[in-house]
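# Results of the structural survey
So you can see what is in the structure, the chains are spelled out below.
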Amino acid sequence: MSYGDGMSSTRSARSGERRAEILRAALEVIAERGYRGASLAAVAERVGLTQQGLLHHFPSKEALLVAVLEERDQWDAVPDSQWRLDLLGSLVEYNAMRPGIVQTFSALLGESVTEGHPARAFFTERYAGVREAMAQVLRVEYGERLPGGLTPERAAPLLVAVMDGLQYQWLLDPESVDMPGAFRDFLELLGPEG
């Protein structure tokens, strides 16, 4: 390796660290202010950069938003074939340990339903995939019919709604809402496994 190659890899590592730092700051600012209230200047200030310096790493606010959403999904990444109901319970417990991430995701999700929001397409596509994955989880656990008679496809949106709805309730009143416990209770409502 030449001297120049070492400098390049060091510069690349520093750039990667800086990008990660910017993403963490963006998560915090979005959690506090929502996407529309978050500014590139506020994110840049939080990491000690000028707005121009931030634009070197992320050329637009939309590019930063997409990177934040992709990063958040990487933290929860489990191959579709490995999802099980007990793992969903573990994911809910894990989310209870990271309120800032849940708050950012929830703020963006809520805002994304408005016309023209840059995260709308991301969430629309994401939820289609999540419903499909949850239907498969339910099919593996219960077969073609859940104990109440619903097909996995009919029950999947309800499962997703419970998970997201619990997050909002927990964020609003964490002392009163035991998100992991409530999710375990919901799984009990589904009935015994097939």
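What comes next concerns the included structure. All figures in this text were calculated on a predicted structure; none of them were measured in a lab.

### Considerations on the environment of Pro-157
- You can see Pro-157 is positioned in helix H8 (residues 152–172).
- Sequence separation between Pro-157 and Arg-131 is 26 residues, and the spatial gap between their C-alpha atoms is 5.9 Å.

### Describing the environment of Leu-55
- Looking at the secondary structure, you find Leu-55 in helix H3 (residues 51–57).
- Taking the C-alpha atoms as reference points, Leu-55 and Ala-44, separated by eleven residues in sequence, lie 9.0 Å from one another.
- With sequence-adjacent residues up to four places away left out, Leu-55 is seen in contact with Leu-40 and Ser-60.

### Notes on the packing of helix H5 (residues 85–96) against H8
- For the pair H5 and H8, the least separation of the axes is 11 Å and the interaxial angle reads 20°. One finds that H5 runs roughly parallel with respect to H8. When the axes of H5 and H8 are compared, the crossing they make is right-handed. Contacts between H5 and H8 involve Leu-85, Leu-88, Leu-91, Val-92, Asn-95 and Ala-96 from the first element and Leu-159, Met-163, Gln-167 and Trp-170 from the second.
- Considering only residue class, the contact of H5 with H8 consists of eight nonpolar, two polar and no charged.

### Some details on the packing of aromatic side chains
- Tallied over the entire structure, the rule returns three aromatic pairs.
- Taking 5.3 Å as the distance between ring centres and 70° as the angle between the ring planes, the aromatic pair formed by Phe-105 and Phe-123 counts as edge-to-face. With Phe-105 in helix H6 (residues 99–112) and Phe-123 in helix H7 (residues 120–142), the pair connects residues that are 18 residues apart, well separated along the chain. Here Phe-105 and Phe-123 have matching classes, each one buried.

### Comments concerning the side chain of Ser-112
- Here Ser-112 is to be found in helix H6.
- Within polar-contact distance, the side chain of Ser-112 engages the backbone oxygen of Leu-109 at 2.8 Å.

### Describing the pattern of salt bridges
- Here the structure, examined in full by the defined rule, presents seven salt bridges.
- Here Arg-46 ties to Glu-28 by a salt bridge, and the two come within 3.2 Å at their closest N and O atoms. One end of the pair, Arg-46, is in helix H2 (residues 40–46); the other, Glu-28, is in helix H1 (residues 3–37), with 18 residues separating them in the sequence.
- On the basis of relative accessible area, Arg-46 is assigned to the partly exposed category, the value being 34%.
- Judged by its relative accessible area of 40%, Glu-28 falls in the partly exposed class.
- Connected through salt bridges with shared partners, the residues Glu-28, Glu-32 and Arg-46 form a single ionic network.

### Some remarks on empty space enclosed by the protein
- Applying the stated rule across the entire model yields one cavity of 30 Å³ or more.
- Sorting the residues of the lining of the largest cavity by element identifies H1, H2 and helix H4 (61–75) as the ones contributing at least two each.
- Take the lining of the largest cavity: its biggest share by element is four residues, from H4.
- Considering only residue class, the lining of the largest cavity consists of nine nonpolar, one polar and one charged.

### Structural notes on the nonpolar core
- In terms of nonpolar packing, the biggest core is built from 54 residues, with Leu-64, Leu-88 and Phe-183 touching the most fellow members.
- Elements that contribute at least two residues to this core include exactly H1, H2, H4, H5, H6, H7, H8 and helix H9 (179–190).

### Re H8
- Counted at 1.5 Å a residue, the expected span for H8 with its 21 residues is 30 Å, and the 30 Å between its end C-alpha atoms agrees.
- Of all the residues in H8, the buried ones are Pro-152, Ala-155, Ala-156, Leu-159, Val-160, Met-163, Asp-164, Leu-166, Gln-167 and Trp-170.

### Quick notes on H9
- Over its twelve residues, H9 runs 17 Å from end to end, which matches the ideal 16 Å to within 8%, given 1.5 Å per residue.
- Restricting attention to buried positions, one finds in H9 the residues Met-179, Pro-180, Gly-181, Phe-183, Phe-186, Leu-187 and Leu-190.
- Note on H9: the residue one or two positions beyond its end, Gly-191, has a positive phi of about 100°.

Definitions and cut-offs
Residues numbered from 1 in each chain as written. Predicted model: local features only at pLDDT ≥ 70, side-chain atom pairs only at ≥ 80, totals over all residues. Heavy atoms only, no water. Helix = DSSP H or I, 4+ residues; strand = E, 2+ residues; numbered from the N terminus. Contact = heavy atoms within 4.5 Å. Axes fitted to C-alpha atoms, helices over the stretch in contact; angles between N-to-C directions. Parallel < 35°, antiparallel > 145°, perpendicular 65-115°, else oblique. Left-handed = near helix turned anticlockwise from the far one by under 90°. Nonpolar A, V, L, I, M, F, W, Y, C, P; charged D, E, K, R; others polar. Phe/Tyr/Trp six-rings, centres within 6.5 Å; stacked < 30°, edge-to-face > 60°. Buried < 20%, exposed > 50% of the residue type's maximum accessible area, 1.4 Å probe, protein only. Polar contact = N/O pair within 3.5 Å; in protein donor to acceptor, adjacent residues only side chain to side chain. Salt bridge = Lys/Arg side-chain N within 4 Å of Asp/Glu carboxyl O. 1 Å grid on protein atoms, 1.4 Å probe; cavity = no way out; pocket = protein on both sides within 12 Å on 5 of 7 lines; lining within 4 Å. Points joined across faces, edges and corners; volume = space filled by probe spheres on them. Core = buried A, V, L, I, M, F, W, Y, C linked by side-chain atoms within 4.5 Å. Expected span 1.5 Å × (residues − 1).

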